[in-house]
There are 2 protein chains.
Amino acid sequence: MTNNKNSVGIVQTKYFNIEENIELESKKDFGPVQVAYETYGTLNENKDNAILLLHALTGDAHAAGFHSETDKKPGWWDDMVGPGKAFDTDKYFVICSNMLGGCSGTTGPCSINPETGTPYGLNFPVITIEDAVKVQKKLIDFLGVKKLIVAGGSMGGMQALEWSITHSDMVEAVIIIASTSRLSAQGIAFNAVGRNAILSDPYFNNGNYYNQEHQPSKGLSIARMIGHITYLCEESMHNKFGRKFKNEINGVDIPNFDFNIDFQVESYLAHQGQTFVDRFDANSYLYITKAVDYFDLAHKHGSLNAAFKKTNARFLVISFTSDWLFPTSQSKEIVQALIKAGRDVSFCEIESPCGHDAFLLEFETQTKIVKSFLAKNNGETNE
Amino acid sequence: MTNNKNSVGIVQTKYFNIEENIELESKKDFGPVQVAYETYGTLNENKDNAILLLHALTGDAHAAGFHSETDKKPGWWDDMVGPGKAFDTDKYFVICSNMLGGCSGTTGPCSINPETGTPYGLNFPVITIEDAVKVQKKLIDFLGVKKLIVAGGSMGGMQALEWSITHSDMVEAVIIIASTSRLSAQGIAFNAVGRNAILSDPYFNNGNYYNQEHQPSKGLSIARMIGHITYLCEESMHNKFGRKFKNEINGVDIPNFDFNIDFQVESYLAHQGQTFVDRFDANSYLYITKAVDYFDLAHKHGSLNAAFKKTNARFLVISFTSDWLFPTSQSKEIVQALIKAGRDVSFCEIESPCGHDAFLLEFETQTKIVKSFLAKNNGETNE
């Protein structure tokens, strides 16, 4: 743990159990569900100062702080969550939970199926963003929250949008960062190839690999490499690696002339792939990318405009210039439909060379924008 | 064979053998090499009316015409090659050969190593674009050609650039389409993930799979799917597939709620992957993508300007607005360096929604531009 006066400090992941079955969007009943979550700050007496953070594809409940005195790696949005930060824990009760289908404490394909005593694997039901929100709502009710602000980047933004429509009576403000109301064909294609790599791995074994000697690590690693190409952009890859070789002697590049790692960008991708398999479950990757592919507000509600007519919240939409996975054009689609639906919406496109990853990196600009937006919610003047 | 008066008709792939060893860029000696090639039209008396076409990543010697009366699929650039077409076989002697390292008749990793009597596999040497051109030069000399026009799209453009520098005494005109003088970090990354998928396939067997029951088809198929995402673009994928499902009943989309093919774009990719493994060799994919990654004229010659100072030809550079794999900016880099080197260069960016694939599809506009460029070569006025 670093000595940081703006840190929420040491936090613990907590667990909440939903005993009754949940009806999923696929019409299947599913349960029980355990939800891993963390909270930072204090719920006020009116129970109306809560912010629910929604994580991206491979995130978890650990959004801020450290898990122990010796923990070196803070939560995934630590730059944005803490005393005085964008999501100010002196003012707000900040909640983050691991998504249904995940592999970090919330019930997912690697959890034990109580009916069989073995991990679900591919017997886990296909879930959607709507299902994930349904589970989150149970947690929010359990915590006694009455009014809510929802915020998320990437897939987290999809969940925030879903919240704003399905629970419009409760959601007062929505922050959507680097997100979309539906993936493009290209986005589906990238996810599909990643899933293909996992499903093709000989150790995948139809999803029953948990107690095997080998795991579908190569397939999962390839899926992650594809992901990382889309999280960066040509400019950020050029700035980070260019065409630099891994090996050089006295400033002279040494090509291998074989199929080992030659270029620095190959080394980066291999590292990202390798570290990912140590922390993420291949089945969860299948289920969560599928939920992302299925998400399509216009398709579900007839039109995006019709979807947003069901909301009651104020919206902040943020995009990044170099994000080609969830490009500004898709954010603008959301903004235009919100305006058409008569909603109060602020939009900001942040100049950044960091690609889609910018929502995890460009915290200074995001902090200013988010603080200003939330201040209006409190009836404060802009800070 | 379709009844097309502008077709070159029935053609045969011919073979030329280089008995002596070739010194490769890696300093290894390699040989013998067989070269598969086709020619269309007639070499004139002065032997100065030849056009060498250079194929892209997975192309072959069969650029135009049909292989038999019952052949339904013409050569890969049939729209551009034939009597009265862009590369007019009434005027020109058009040559196309399969690249060194390929798998369509020219010596490559699937060829028999005469020293062992078994396929080379990974004992095939790593080759470069320079090496491929060295082999092509032997063919051109064998055919008695004295002056040459070189033309190619994508990787074919890289070879055309290499020709213009290495054989500046012979090359009079160069046509570079949807190409680059060096791949970006993002381009290397896509190739690297594709190679990774092949190398990770359990049936790859260190490249010795030719006489095995199973081939590394899944890995090769994944590599091809990644490739196809980069050959199209977001717009063309949207136009072709959008978010349309494969299954629908009475106009209502039916999601599978499993991991089978759901969206039409997934179906397209799976089909592309499957048909590719029937026609292409996984080892060749490794070697040829590696040659593409290594190609870097500025690195080799000190600067792009220095590279082009070694040329004597006129240049035509064509790019496509929606090509994000070899974007217009990279074509402009070539054009600017050519101008700086004092070369005669024409540049045209063609408006197209087809992505990188446009060089194989947008033949009408390309035909006009190429004809006009070649007419100047003949001292003709523009047609």
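Residues numbered from 1 in each chain as written. Chains lettered and ligands numbered in written order. Predicted model: local features only at pLDDT ≥ 70, side-chain atom pairs only at ≥ 80, totals over all residues. Heavy atoms only, no water.

S.K.: Explain the overall build of chain A to me, please; I cannot follow it from the model alone.
M.R.: A tally of regular secondary structure across chain A gives 12 helices and 16 strands. Overall, chain A is about 65 × 55 × 50 Å in size when its C-alpha atoms are taken along their principal axes. Relative to its full complement of 383 residues, chain A shows a buried share of 61%. Partitioning the intrachain contacts of chain A with sequence separation of at least 6 by distance along the chain shows that 71% fall at a separation of at least 24. Approximately 15,000 Å² of chain A is accessible, and the part contributed by carbon and sulfur atoms is 46%. When the 34 positive and 45 negative side-chain charges of chain A are each reduced to one mean point, those points stand 5 Å apart. (Helix = DSSP H or I, 4+ residues; strand = E, 2+ residues; numbered from the N terminus. Buried < 20%, exposed > 50% of the residue type's maximum accessible area, 1.4 Å probe, protein only. Contact = heavy atoms within 4.5 Å. Areas by Shrake-Rupley, 256 points an atom, 1.4 Å probe, with all protein chains shown as cover. Lys, Arg positive; Asp, Glu negative; His and termini not counted. Charge placed at Lys NZ, Arg CZ, Asp CG, Glu CD.)

S.K.: Before we go on, may I ask you to explain the domain arrangement of chain A in this structure?
M.R.: Interfaces are often described in size by the accessible area the parts lose on coming together. Residue and element names in this part refer to chain A. Each assigned domain of chain A is listed with its residue range as follows: domain 1 (14–184 + 296–377) and domain 2 (190–283). Each side of the interface is counted separately: domain 1 has 17 residues, and domain 2 has 21 residues. For the pair domain 1 and domain 2, the summed buried surface comes to about 1,700 Å²; carbon and sulfur atoms form 64% of the total. Considering only the surface of domain 1 that becomes buried against domain 2, Thr58, Leu122 and Trp324 emerge as the three largest contributors, covering 33% of it. Across the contact surface, domain 1 and domain 2 share 0 salt bridges. (Domains from an automatic or database assignment. Buried area = accessible area lost by both parts, 1.4 Å probe. Salt bridge = Lys/Arg side-chain N within 4 Å of Asp/Glu carboxyl O.)

S.K.: Would you take a moment to explain helix H4 (residues 217–231) of chain B for this structure?
M.R.: Note that an α-helix has 3.6 residues per turn; residues three or four places apart therefore point the same way. Taking 1.5 Å as the rise per residue, H4(B) with 15 residues should run 21 Å; its terminal C-alpha atoms sit 20 Å apart, in good agreement. Judged by how many residues are buried, H4(B) sits mostly within the fold: 13 of 15 residues are covered. (Expected span 1.5 Å × (residues − 1).)

S.K.: Hey, could you run me through the environment of B:Leu143 in this one?
M.R.: Residue and element names in this part refer to chain B. Topologically, Leu143 is positioned in the loop between helix H1 (129–142) and strand E11 (148–153). Along the backbone, Leu143 and Phe363 are 220 residues apart, and their C-alpha atoms lie at a distance of 28 Å. Excluding residues within four positions of it along the chain, Leu143 makes contact with Tyr37, Thr39, Leu43, Phe93 and Ile95.

S.K.: What am I meant to see in the interface of chain A and chain B here?
M.R.: Contact with chain A, which involves 56 residues of that partner, is made by 56 residues of chain B. Taken together, both faces of the contact between chain A and chain B bury some 4,600 Å²; the carbon and sulfur share is 71%. If you sort the residues of chain A by the area they bury against chain B, A:Arg243, A:Phe257 and A:Phe259 come out on top, with a joint share of 19%. There are 6 salt bridges connecting chain A and chain B. For B:Asp262, the salt bridge is made with A:Lys290, and the minimal N-O distance between the two is 2.7 Å. Elements with a contribution of two residues or more to the side of chain A that touches chain B: helix H3 (185–200), helix H4 (217–231), helix H5 (234–240), helix H6 (264–279) and helix H7 (282–294) of chain A. With 12 residues, the single largest contributor to the side of chain A that touches chain B is H3(A). A breakdown of the residues in the side of chain A that touches chain B according to their chemical character gives 31 nonpolar, 12 polar and 13 charged. (Nonpolar A, V, L, I, M, F, W, Y, C, P; charged D, E, K, R; others polar.)

S.K.: Explain the sheet that holds strand E8 (residues 93–97) of chain A to me, please; I cannot follow it from the model alone.
M.R.: Across a sheet, strands are paired by hydrogen bonds formed along the backbone, either parallel or antiparallel in direction. Residue and element names in this part refer to chain A. The sheet built from 8 strands is open, its strands ordered E1-E4-E8-E5-E11-E12-E15-E16 with mixed pairing. The strands lining the two open edges of the sheet, one partner per strand, are strand E1 (14–18) and strand E16 (345–350). Between one strand and the next, the sheet's axes are offset by a mean angle of 20°, whatever the strand orientation. Alignment of strand E12 (residues 171–177) against strand E15 (residues 314–320), held across 5 bridges, turns out to be parallel. What sits directly across from Ile177, in E15, is Ile318. Packing against the sheet, helix H10 (residues 328–340) makes contact with E12, E15 and E16, and its axis sits at approximately 160° to E15. (Pairing = 2+ DSSP bridges. Axes fitted to C-alpha atoms, helices over the stretch in contact; angles between N-to-C directions.)

S.K.: Sorry, what's going on with the relation of the copies chain A and chain B here?
M.R.: The two chain copies are connected by a rotation around an axis plus a translation along it. Aligned on chain B, chain A shows an RMSD of 0.0 Å; the corresponding rotation is 180° and the shift along the axis is 0.0 Å. Classification of the inter-copy transformation places it as that of a two-fold axis. The overlap is high: 100% of the interface residues of chain A also sit at the interface in chain B, so the same surface is used on both sides. (Least-squares fit on C-alpha atoms with pLDDT ≥ 70 in both.)

S.K.: Looking at this model, I keep getting lost on unusual backbone geometry. Mind explaining?
M.R.: Apart from glycine, the bulk of residues carry a negative phi angle, and the bulk of peptide bonds sit in the trans form. Residue and element names in this part refer to chain A. Note that the residue after Gly31, namely Pro32, is joined by a cis bond; omega there is -10°. Inspection of the secondary structure assignment puts Pro32 in the loop between strand E3 (29–30) and strand E4 (33–40). Here Asn206, not a glycine, exhibits a phi torsion of approximately 55°, which is positive. Mapped onto the elements of the fold, Asn206 is located in the loop between H3 and H4.

S.K.: I keep staring at a nonpolar patch on the surface and nothing clicks. Help me out?
M.R.: Side chains of A:Ile249, A:Val252 and A:Ile254 sit close together on the surface and give an oily, nonpolar patch of about 260 Å² of accessible area. Relative to the helices and strands, A:Val252 is located in strand E14 (residues 252–253). (Patch = residues over 30% accessible without salt bridge, like charges linked within 9 Å, V, L, I, M, F, W, Y side chains within 5 Å.)

S.K.: Where do I start with helix H7 (residues 282–294) of chain B in this structure?
M.R.: Its 13 residues place the ends of H7(B) 19 Å apart at the C-alpha level, agreeing with the 18 Å of an ideal helix rising 1.5 Å per residue. Among the 13 residues of H7(B), 13 are classified as buried, and the element is accordingly described as predominantly covered.

S.K.: It is not clear to me how the sheet that holds strand E5 (residues 50–54) of chain B should be interpreted in this structure. Could you clarify?
M.R.: Residue and element names in this part refer to chain B. The 8 strands are arranged E1-E4-E8-E5-E11-E12-E15-E16 in an open sheet whose pairing can be described as mixed. Each edge of the open sheet carries a strand with a single partner, namely strand E1 (14–18) and strand E16 (345–350). Going from strand to strand, the sheet's axes swing by 20° on average, the running direction of each strand aside. In the packing of helix H10 (residues 328–340) onto the sheet, the strands contacted are strand E12 (171–177), strand E15 (314–320) and E16, and the crossing angle to E15 comes to about 160°.

S.K.: What am I meant to see in the pairing of E12(A) here?
M.R.: Each regular strand shows side chains that alternate between the opposite faces of the sheet. All names here are of chain A. For E12, a buried count of 6 out of 7 residues is recorded, marking the element as mostly surrounded by other parts of the structure. Inspection of the sheet shows strand E11 (residues 148–153) paired to E12 by 6 bridges, in the parallel sense. Its bridge partner being in E12, Ile149 is matched across the sheet by Ala173. For the handedness criterion, the β-α-β arrangement of E11, helix H2 (residues 155–166) and E12 is classed as right-handed. (Right-handed = clockwise from strand over helix to strand, strands pointing away.)

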